[in-house]
Amino acid sequence: MFFFIKNIIFTFLIFSQVIGCGYVMNYILKQNQKNFTFLFINGTMLLIFFSVVINFFISLNIYLTNTLFIFFALIGIYTIYKKIYYLHNLKLFLFLLIFASLIIYRSYPNNDYEFYHIPYMEILRNFKIIFGLSNFEFSYGHSLILQNISALQFNSLMNLDSYIYFTPLLVSIIIGEVLFKYIKSNNLLIKFISYIFLINFLIHANRYGSLGNDFPAHAVSFFSYILFFSLIFFNKNIEKSSSFIFALLIAIFSKLTLLLNILLIIPFILFKKNRLKLDVRSIIFLSLFIFVIFLKNLINSSCLLYPLDITCFKTNWTPAKFDFS
């Protein structure tokens, strides 16, 4: 019972930090997101951006991560207090605390976690960005942005437990959003995708510890499809448009095999230009975000999108095992 209660507390703290980042993103983009799920997606983007930019100059050391964790968690607690009276948010919040805590409580480590997740996060915490990092281990050439977030969330209270809470929360909040909202949609496509996502999770859920990078990336990918059809058929607001693009990028940079999802933007360009609304602030942030991710990948692996040959350059730190032929 003690460990489960501890899980609930730690889940709340990590959730608060991400929501706090989402609140800051609201301020930066001059938006008024009220839904916890969209705040979480926006906060995820800001955490990725901060973790990459800071690591260009210094390591994600304990003094830095403690300070940022406390700062954003306090903002998040205030935001939760102000927005939890929205019934949908209240249901999401209670679902998250229980469901995510159960997933974490019943989880066990995947081989990848010890093989390259923990070592990569420890590298981020102890060193600034390393040229040719993928020469040490080819897996480090992948963007691993979810591990960037976990490394930035490290704090003295939770210690190594800091690493394991973000991905279950990301998956859980999308499951909650689908259960409480989109599975009830009148649109058959949205309802179909919602059911497919839930079935996919239930098939995968007998291996809680294998969430890794794959299933969270798939969950965000499913969610981007739901938002895509939601924008196509119903909504035109800027907030949902930016969250759709954010979800798309989080999925792609978490797992490069989801790169084809970028094709979802084409219908908006060709047929539904008025449905995807991005203001100048969102466009500037997205441009900066993509630039810093590409630059990080280039420094680590000599490729913008490792290991796609067309995106790679021959440099002094080109991975020895990579075949440019």
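Above this text you will find the structure in question.
Predicted model only: the values in this text are computed from it and were never measured.

Engineer: Break down the overall build of the protein for me, with residues and values.
Structural biologist: The helix and strand tally for the protein stands at 12 helices and 0 strands. The burial tally for the protein puts 56% of its 325 residues in the buried class. When the accessible surface of the protein is summed, it comes to about 14800 Å², and 68% of that surface belongs to carbon and sulfur atoms.

Engineer: Would you mind going over the state of the cysteines in detail, with residue names and values included?
Structural biologist: Overall, the coordinates contain 1 disulfide when judged by the stated rule. Paired by a disulfide, cysteine 303 and cysteine 312 hold their sulfur atoms 2.0 Å apart. The disulfide joining cysteine 303 to cysteine 312 has a torsion of about 100° about its S-S bond and is therefore right-handed. For the pair cysteine 303 and cysteine 312, a shared accessibility class is recorded, and that class is buried.

Engineer: So what about helix α9 (residues 214–233)? Which residues, and what values?
Structural biologist: For α9, spanning 20 residues, the distance from its first C-alpha to its last is 29 Å, which sits close to the expected 28 Å at 1.5 Å a residue. With 15 of 20 residues buried, α9 lies mostly within the body of the structure.

Engineer: Which residues make up the pattern of salt bridges, and what values do they have?
Structural biologist: A side chain with one charge can pair with a side chain of the opposite charge if their charged atoms come near. One pass over the full model with this rule turns up 3 salt bridges. For the salt bridge of aspartate 161 with lysine 6, the shortest nitrogen-to-oxygen distance reads 3.5 Å. Here lysine 6 lies in helix α1 (residues 2–29) and aspartate 161 lies in the loop between α6 (145–152) and α7 (166–180), a separation of 155 residues in the sequence. Looking at aspartate 161, the relative accessible area reads 27%, which means it is partly exposed. Taking the shortest distance from any N to any O, the salt bridge between glutamate 122 and arginine 125 comes out at 3.0 Å. Of this pair, glutamate 122 and arginine 125 both sit in helix α5 (residues 111–126), 3 residues apart, which is roughly one turn of the helix.

Engineer: I'd love a proper account of a nonpolar patch on the surface, names of residues and values included.
Structural biologist: A cluster of nonpolar side chains, Leu260, Ile262, Leu263, Ile266, Ile269 and Leu270, forms an exposed patch at the surface whose accessible area comes to about 580 Å². Examined against the element boundaries, leucine 270 turns out to sit in helix α11 (residues 266–270). Under the relative-accessibility criterion, leucine 270 is labelled exposed at 55%.

Engineer: Summarise empty space enclosed by the protein; cite the residues concerned and give the values.
Structural biologist: Under the counting rule described, the total for this entry stands at 1 cavity of 30 Å³ or more. Secondary structure elements with two or more residues in the lining of the largest cavity: α2 (36–55), α5 and α12 (280–301). Broken down by element, the lining of the largest cavity gets its largest block of residues, 3 residues, from α5. Here the lining of the largest cavity is built from residues that sort into 7 nonpolar, 3 polar and 2 charged.

Engineer: Account for unusual backbone geometry, naming residues and giving values.
Structural biologist: The phi torsion of most residues other than glycine is negative, and most of the peptide bonds are trans. Phi angles above zero are rare outside glycine, and asparagine 159 is one such case at about 50°. Looking at the secondary structure, you find asparagine 159 in the loop between α6 and α7. Residue asparagine 159 is classed as partly exposed on the basis of its relative accessible area, which comes to 40%. Of note in the backbone geometry, serine 302 takes a positive phi value of approximately 70° without being a glycine. Structurally, serine 302 can be placed in the segment after α12.

So, how was this worked out
Residues numbered from 1 in each chain as written. Predicted model: local features only at pLDDT ≥ 70, side-chain atom pairs only at ≥ 80, totals over all residues. Heavy atoms only, no water. Helix = DSSP H or I, 4+ residues; strand = E, 2+ residues; numbered from the N terminus. Buried < 20%, exposed > 50% of the residue type's maximum accessible area, 1.4 Å probe, protein only. Areas by Shrake-Rupley, 256 points an atom, 1.4 Å probe, with all protein chains shown as cover. Disulfide = S-S within 2.5 Å. Expected span 1.5 Å × (residues − 1). Salt bridge = Lys/Arg side-chain N within 4 Å of Asp/Glu carboxyl O. Patch = residues over 30% accessible without salt bridge, like charges linked within 9 Å, V, L, I, M, F, W, Y side chains within 5 Å. 1 Å grid on protein atoms, 1.4 Å probe; cavity = no way out; pocket = protein on both sides within 12 Å on 5 of 7 lines; lining within 4 Å. Points joined across faces, edges and corners; volume = space filled by probe spheres on them. Nonpolar A, V, L, I, M, F, W, Y, C, P; charged D, E, K, R; others polar.

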